[in-house]
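# What the coordinates show
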Amino acid sequence: MKDYEPNKMKQVHFTGIRRVLEKANKMEAEGKSIIHFESGQPDFATPEFIKQAAIEALQQNKTNYTSNYGTVELRKAIAKKLENDNHFKVDPMKEIMVTVGGEEAMAATILALIDVGDEVLVSDPGYSPYESMIKIANGVPVRVPLSEKNGFNYDLEELEKRITDKTKMLIFCTPGNPTGTMMDEYSLLKLAEICKKHDLLVISDEAYEQVLYDNNVHTSFATLPDMRNRTITIHSFSKSYSMCGWRIGYLVACTELINILIRAHQNMVLSACNFAQSAAVAALEGPKDEQKAMVKAFDERRILMYEGFKELGMECIKPQAAFYIFPNVSVLGINGFEFAERLLDEYGVAVVPGGEFGDVGINNVRISYATSLENCAEGMKRIKEFVSKIKQEKGR
């Protein structure tokens, strides 16, 4: 049988997050105690009023296709949210597209806008599926290193050096995955100037926009000077409302871009789930008490993890947003891959090697504290035991 796998797919790998999860699940099925720090999925149930809205929609037989753009009701609710929370107005009929999660929004955008050989700037470290989607579209991902010493912000001079006449787009995630950090407003403004200067399209992945700590304020990239018509903003209900399995997200762009993106979306999935869109309306229009309680719980876990790594003397930036912490383990004389593999095998704690998100993160690991405070405490206890063991082995 001949090799049917295209060359482009030979460059696309199962994500490191999922590889670790599969191994951890197998160990757990064999009876081993596993602490899951690998998956970026809130451990909270979807709020009851959101589930009830979906149940009512099912009872009303909302099981048919919707408009490719999404239901009018949801698009109007999104437009209201964008005006109130993100501070820019959009036309709900022409500038919003409801998608099957933020992931499909990203895939549809890249497949619709990237031609063979187009170069796309991506962050290193950054969310790995960006690169995979670019390769599937026969584009060329170009990594831009983020400086750990600079809070995992861009070195803007280095970014600009990587722009060529083939560069078409920049993709970045703010707040950041895997780092849990945010770009300051000055850096965002300077980045916007570079994008305008080189006529770049921008995909701004803002899935974690509402999971913020220490009074940090999220700035949507599309609101910066001259960025409105060149930015595709991607939002998700997964993280902010604990709706990962509902697969509901949306993107916002000018009409000219939406008219292109809708054709990719239409031919990929037709439309997002009808009754899940009713649930999304409820999420946007309903009470925010549970959402606030969830972020408060994440914050408590964040402090526990951060203080734990500080106690171990490991370099670690305090997360500003999302629910990830990205400690540097090089003080132990090993890299993130060895740390993650041994930690899971020997202590049953599943974390993702930072190198799975780019070369810059080779000495880091990504830890998701989207699990209970008890699990965080137990996981941190095991990590401390593991670190002590490594230090004894190396005579430190």
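As a reminder, the structure under discussion sits directly above these lines.
So, here's what we can say about the structure. Once a new chain begins, its residue numbering starts again from 1 and follows that chain's sequence as written. With the structure being a predicted model, the display of local features is reserved for residues of pLDDT at least 70 and the display and counting of side-chain atom pairs for 80 or more, all residues being used for whole-chain, interface and lining totals. Processing note: side-chain calculations cover all non-hydrogen atoms of the structure and skip hydrogens and water entirely.

### Some points on the pattern of salt bridges
What counts here: Salt-bridge detection follows one rule: a side-chain nitrogen of Lys or Arg within 4 Å of a carboxyl oxygen of Asp or Glu. Each residue is assigned to one of three classes by its accessible area relative to the maximum for its type, calculated with a 1.4 Å probe on protein chains only: buried under 20%, partly exposed between the two thresholds, exposed over 50%.
Taken as a whole and judged by the stated rule, the model has 26 salt bridges. The residue Lys89 makes a salt bridge to Glu83 at a minimum N-O spacing of 3.9 Å. Here Lys89 falls in the exposed class, since its relative accessible area comes to 63%. The partly exposed category is assigned to Glu83, whose relative accessible area is 39%.

### Re the environment of Ala280
Put simply, the rule is: Secondary structure elements are taken from DSSP: a helix is a run of H or I of four residues or more, a strand is a run of E of two residues or more, and numbering for both begins at the N terminus. Contacts were defined at the residue level, with two residues in contact if any of their heavy atoms lie within 4.5 Å.
With respect to the helices, strands and loops of the structure, Ala280 is situated in helix α10 (residues 274-285). Judged by relative accessible area, which is 0%, Ala280 ranks as buried. In the structure, Ala280 is positioned 133 residues away from Ser147 in sequence and 37 Å away in space, judged by C-alpha atoms. Residues contacting Ala280, with those up to four places away along its chain left out, are Leu74, Phe237, Met243 and Ile248.

### Description of the sheet that holds strand β10 (residues 324-325)
Cut-off, in case you're wondering: Two strands are said to pair when DSSP picks up at least two bridges between them.
What the three strands build is an open sheet, ordered β10-β13-β12; its pairing is antiparallel. Strands at the two margins of the open sheet, each flanked by one partner only, are β10 and β12 (352-353).

### Quick notes on the packing of aromatic side chains
Here is the rule: Note on aromatic contacts: the rings of Phe and Tyr and the six-membered ring of Trp form a pair at centre separations within 6.5 Å, being stacked when their planes are under 30 degrees apart, edge-to-face when over 60 apart, and tilted otherwise.
For the structure shown, the criterion picks out 13 aromatic pairs. For the ring pair Tyr208 and Phe323, a centre distance of 5.5 Å and an interplane angle of 80° mean the geometry is edge-to-face. Taken together, the residues Tyr208 in the loop between β7 (201-205) and β8 (231-236) and Phe323 in the loop between α11 (289-311) and β10 connect sequence positions 115 residues apart. Like Phe323, Tyr208 is buried. With centroids separated by 6.5 Å and ring planes inclined at 75°, the aromatic side chains of Phe326 and Phe357 adopt a geometry described as edge-to-face. Of the two residues, Phe326 sits in the loop between β10 and α12 (336-347) while Phe357 sits in the loop between β12 and β13 (365-368), which places them 31 residues apart along the sequence. Judged on exposure class, the residue Phe326 and its partner Phe357 are both buried.

### Quick look at the nonpolar core
Formally: Nonpolar cores are built from buried Ala, Val, Leu, Ile, Met, Phe, Trp, Tyr and Cys residues. Side-chain atoms within 4.5 Å join them into one set.
In terms of nonpolar packing, the biggest core is built from 65 residues, with Ile171, Phe309, Phe339 and Ile383 touching the most fellow members. When residues no more than four places from it in sequence are discounted, the contact partners of Phe309 are Met314, Cys316, Ile325, Pro327, Ile367, Met380 and Ile383. Residues Ile17, Leu156, Ile194 and Phe326 belong to the second largest nonpolar core, which totals 26 residues.

### Re the sheet that holds strand β2 (residues 96-99)
In spatial order, the strands read β2-β9-β8-β7-β6-β3-β4-β5; together these eight strands make up an open sheet with mixed pairing. Looking at the sheet topology across the chains shown, the edges are occupied by β2 and β5 (153-154). Pairing between strand β3 (residues 119-124) and strand β6 (residues 167-173): four bridges, direction parallel. Across the sheet, Glu119 pairs through a bridge with Thr167, a residue of β6.

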